[in-house]
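# Summary of the model geometry
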Amino acid sequence: MQHHRVALGVLAVIALVTLAGCSGAVPQPTPDSEPTTDAPDLSGPSWNVTVTRVIDGDTVEIRYENGSTETVRLLGVDTPETPPNPVSPGEFEGIPDSNAGRDHLTEWGGRATGFAENNLAGRNARLVVDPQADRRGGYGRLLGYIYVDDENFNHLLLTNGYARLYESEFRYRDRFAAAEATAQQERVGLWDYQ
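The following refers to the structure shown. (Residues numbered from 1 in each chain as written. Predicted model: local features only at pLDDT ≥ 70, side-chain atom pairs only at ≥ 80, totals over all residues. Heavy atoms only, no water.)

## Let's talk about the pairing of strand 2 (residues 59-64)
Pairing of strand 1 (residues 46-56) with strand 2 involves six bridges; the strand directions are antiparallel. The partner of Val-49 across the bridge, within strand 2, is Tyr-64. Linking two consecutive strands that pair antiparallel, namely strand 1 and strand 2, is a turn of two residues. With five bridges connecting them, strand 2 and strand 3 (residues 69-74) associate as antiparallel partners. Within strand 3, the position partnered with Arg-63 by the bridge is Thr-69. Linking strand 2 back to strand 3 in an antiparallel pair, the connection comprises four residues, with Gly-67 at a positive phi of about 100°. (Pairing = 2+ DSSP bridges. Helix = DSSP H or I, 4+ residues; strand = E, 2+ residues; numbered from the N terminus.)

Given below as structure tokens:
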């Protein structure tokens, strides 16, 4: 009788462990965990996410498939600040450090935020971290690229004149620098300063 109870107890534990393994629970993703699939045109850790909130033109909050959340700073780009943060005309080549220059950048900071909200808020996306870049920025935010419909949103900010190239090391630096140079030359977006 005693052996029968022990055997039933062991079977119950095995059944619970087996059922727990089949529950479909996903381990919490972290930027250091291994991804399950590759992103469109970048090899590196990546995850399917939902953009839950746009903080500003270059910072978003995302939710992983398992429900955990993260603040992501878009890698390689810098949009003008929005109030209450002060803008820095010295960071944007050709924009004077004057009231008019600051007003121009403040306006474009708002436009960049609107562009991000229109294209990212509530959307399913692919978050990709760059193996050649730092994983986290100075404020502890995850640094990454956001892809929507296989298009790199970070790059879109540059080509549409919503952002400048952020000076750091990352895989697409040359491509991003070329996009910024073209936007400046063609006076696209914030680069169309009179």
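## Regarding the packing of aromatic side chains
Going through the model one piece at a time under the given rule, you end up with nine aromatic pairs. Residues Tyr-145 and Phe-176 carry aromatic rings whose centres are separated by 6.2 Å and whose planes lie at 80° to one another, so their mutual orientation is edge-to-face. Of this pair, Tyr-145 sits in strand 6 (residues 142-148) while Phe-176 sits in helix 4 (residues 173-185), and the two are 31 residues apart along the sequence. You can call Tyr-145 buried: its relative accessible area is 0%. Residue Phe-176 is classed as buried on the basis of its relative accessible area of 0%. Aromatic ring contacts, followed pair by pair, group Trp-108, Phe-115, Phe-153 and Tyr-162 into a single cluster. (Phe/Tyr/Trp six-rings, centres within 6.5 Å; stacked < 30°, edge-to-face > 60°. Buried < 20%, exposed > 50% of the residue type's maximum accessible area, 1.4 Å probe, protein only.)

## Some words on helix 2 (residues 99-120)
With 22 residues, helix 2 extends 31 Å between its outermost C-alpha atoms, agreeing within 8% with the 32 Å of an ideal straight helix rising 1.5 Å per residue. Among the residues of helix 2, Gly-101, His-104, Leu-105, Trp-108, Gly-109, Ala-112, Thr-113, Phe-115, Ala-116 and Leu-120 are the ones counted as buried. Here the buried face of helix 2 lies against strand 1, strand 2, strand 6 and helix 3 (153-159). Of the residues trailing helix 2, Gly-122 is marked for its positive phi of about 80°. (Expected span 1.5 Å × (residues − 1). Contact = heavy atoms within 4.5 Å.)

## Considering the side chain of Thr-59
Along the chain, the position of Thr-59 falls in strand 2. Of the residues examined, Thr-59 reaches a relative accessible area of 2% and is grouped as buried. Among all residues touching Thr-59, those that are not within four sequence positions of it are Val-54, Thr-71, Val-72, Arg-73 and Arg-141.

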